[in-house]
Amino acid sequence: MTGRGSPGGSRFLYDSFDAATARIEANERVAEERWTALEFRLGQIDSALERLEKRIWLGVYGVAAFLLAQGVETLLQSGLR
């Protein structure tokens, strides 16, 4: 009797199935690791985009403040004359 519980037969009948199962499991492990690495990298990209967005808004607010200050200065100078 073989390890599979079947009476008789060659072990070579089952070896190819064992090898195929091992290959499938190895591919699943590799795919899982790749997925984990992809999620990690996407998290890094997301945080970099958030930092970039904050910097862009800071620049927009800076330009708006500068233009507003210039407008106020112009109004003050024209009011003093």
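For the structure itself, consult the block above.
Note that the coordinates shown come from a computational prediction; the quantities given were computed from them, not determined experimentally. (Residues numbered from 1 in each chain as written. Predicted model: local features only at pLDDT ≥ 70, side-chain atom pairs only at ≥ 80, totals over all residues. Heavy atoms only, no water.)

Novice: I tried to follow the overall build of the chain on my own but got confused; where do I start?
Specialist: A count of helical and extended segments in the chain gives one helix and zero strands. Residues classed as buried in the chain amount to 1% of the 81 residues present. Of the accessible surface of the chain, which amounts to about 7,500 Å², a share of 65% is contributed by carbon and sulfur atoms. (Helix = DSSP H or I, 4+ residues; strand = E, 2+ residues; numbered from the N terminus. Buried < 20%, exposed > 50% of the residue type's maximum accessible area, 1.4 Å probe, protein only. Areas by Shrake-Rupley, 256 points an atom, 1.4 Å probe, with all protein chains shown as cover.)

Novice: I keep staring at a nonpolar patch on the surface and nothing clicks. Help me out?
Specialist: Taken together, the side chains of Trp35, Leu38, Leu42, Ile45, Leu49, Leu52, Ile56, Trp57, Val60 and Tyr61 define a hydrophobic patch exposed on the protein surface, amounting to about 1,000 Å² of accessible area. Mapped onto the elements, Leu38 comes out in helix H1 (residues 12-80). For Leu38, a relative accessible area of 41% corresponds to the partly exposed category. (Patch = residues over 30% accessible without salt bridge, like charges linked within 9 Å, V, L, I, M, F, W, Y side chains within 5 Å. Salt bridge = Lys/Arg side-chain N within 4 Å of Asp/Glu carboxyl O.)

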